[in-house]
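# A closer look at the structure
Chain by chain, the residues:
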Amino acid sequence: MHDLHLRIEPGKGRRAALEEALRDAIRAGRLQAGTDLPSSRTLATDLGLARGTVVEAYAQLTAEGYLRTRARSGTQVATAPSTPSPAAVPRPEATTRPRYDLRPITADVGAFPRNAWLTSLRHAVRTAPDDAFRYGATQGHVRLRTALAAYLGRARGVRTTPDRIVICAGFAHGLALVGRVLAERGRGRLAVEDPGLRPSRDTAEHAGLTTIGTPVDAHGLRVDALPDADACLVTPAHQLPLGVTLHADRRASLLAWAGAGSRLVLEDDYDGEFRYDRQPLGAIQGLSPDQVVYFGTASKSLSPALRLGWLALPESLVGPVVRQRARIDRHSPTLDQLALAHLIESGALDRHLRRMRLRYRHRRKILLEALATVPGVEVTGIAAGYHITLLLPAGLAESMAVERLAAAGVAVDPLSFYRAEHAGPPGLVIGYGSPAENAYPAALAALVSALRSALR
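Computed from a prediction, not measured in an experiment: that's the story for all the values here.

## Quick look at the sheet that holds strand 11 (residues 309-312)
- If you trace the eight strands from one edge of the open sheet to the other, you get 4-11-10-9-8-5-6-7, paired in mixed fashion. Edge strands, defined here as strands with exactly one partner in the open sheet, are strand 4 (165-168) and strand 7 (220-221).
- By the bridge criterion, four bridges tie strand 4 to strand 11 in an arrangement that is antiparallel. Pairing of Val-166 across the sheet is with Leu-311, part of strand 11.
- Docked against the sheet, helix 5 (residues 142-156) engages strand 4, strand 10 (292-297) and strand 11, running at close to 105 degrees with respect to strand 4.

## Re the packing of aromatic side chains
- Here the structure, examined in full by the defined rule, presents five aromatic pairs.
- Look at Phe-274 and Tyr-360: their rings are 5.4 Å apart centre to centre, the planes differ by 80 degrees, and that puts the pair in the edge-to-face class. Residue Phe-274 is found in the loop between strand 9 (264-268) and strand 10, and its partner Tyr-360 is found in helix 11 (residues 348-371); the two are separated by 86 residues along the sequence. Pair check on accessibility: Phe-274 and Tyr-360 agree, each one buried.
- Here the aromatic rings of Tyr-360 and Tyr-386 are separated by 5.3 Å at their centres, their planes lie at 50 degrees, and the arrangement is tilted.

## Quick notes on the nonpolar core
- Within the largest apolar cluster, 67 residues are counted, with the highest numbers of intra-cluster contacts made by Leu-428 and Leu-447.
- Ranked by residues supplied to this core, first place goes to helix 13 (residues 440-455) with nine residues.
- Beyond its immediate sequence surroundings of up to four residues, Leu-447 is in contact with Leu-102, Leu-367, Leu-371, Leu-405, Val-410, Val-412 and Ile-430.
- Residues Val-178, Leu-190, Val-293 and Val-321 belong to the second largest nonpolar core, which totals 24 residues.

Calculation rules
- Residues numbered from 1 in each chain as written.
- Predicted model: local features only at pLDDT ≥ 70, side-chain atom pairs only at ≥ 80, totals over all residues.
- Heavy atoms only, no water.
- Pairing = 2+ DSSP bridges.
- Helix = DSSP H or I, 4+ residues; strand = E, 2+ residues; numbered from the N terminus.
- Contact = heavy atoms within 4.5 Å.
- Axes fitted to C-alpha atoms, helices over the stretch in contact; angles between N-to-C directions.
- Phe/Tyr/Trp six-rings, centres within 6.5 Å; stacked < 30°, edge-to-face > 60°.
- Buried < 20%, exposed > 50% of the residue type's maximum accessible area, 1.4 Å probe, protein only.
- Core = buried A, V, L, I, M, F, W, Y, C linked by side-chain atoms within 4.5 Å.

No statement about biological role is implied by the geometric values presented.
Written out as structure tokens, the structure is:
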């Protein structure tokens, strides 16, 4: 490892300034090809930055081809171009809105069941007792917790009761609450999937946990590679970005790992409602409710604008999590909770999900048909959710593919964006939840044309 002397220019965002400083050092030859860079944690400490800022800068420069990551070897300088590179790889969090947004970050919000939600919201306002307009219960309204306990039991195999459910503002909020409880108990080592959701790692670390990347393969999380940790965060239904499901044998092994060390499994039921080729496997939580914290959310089934999520907790964690939330933001909007409860009780949520499964299945089918005309690429993952992972052929760098797509007005995620510690093949993560239905064929045409151009 080498100490770095970087010129961080003022007047820019911290991540953008760090990326530019690293590019300049590589172009000028001050950082030569093969040079080992400090770990993201070390560099963040040296520069007074958040670790997530350094992780994102490293990922961006890896996607552009300036850096490379190698298993157990950290991050190295890959090349030292003497002239400025072409346009940088678009960041998934870019603020400029692309013409065709094929990043896996949002559902088809145009299909939000407006009429059904309005009916449920009107019902909530009309029938709510006066007490519903006061400060609400920190744990969540009992009517929604009761509706969720029944719904999760039949739809996802979750074994819980209303008194073990806590309503929150979404997955990140729930993870922050549980993370703070674990950190305060001195149980701060969290194994996470690598590649995996970077925002989840950032949220966990901000809550006081130390995240440890654990590799993922075609059968999901490598349980045999789990570190000595206090808990493990896993997306068993449909992993982002690789699109795989956690194999049944590994589910059992994961619970055995948890039981052997009084550990917790944090189950993000990502895409749990959306499986197109068969009945989805039930949640891991149903196999061991006292070892698993189950996270669910309305963000993908309905809309992230609702800011409603839920935790199904082991009994011992309910009180600590509720007390943790009471210190922060008291409770979720009561009328929205009552509206969601009515949507579930009336069957409107089930009807909406059936419609969305048909829509996403069709979108996935025509996306695969379009990609079949692009030579040399390989699609991975199961028929679920609303994203696919496209592995690129040898000789086509992520940076080139993303650059050509950006020039065509198409935004996707480079696969390297999701990697933390473990290297892997180049690829793209493509979402099909958006754009709008009438723009989707044009988006696929632009996607295929740009990929073919990059291959040429």
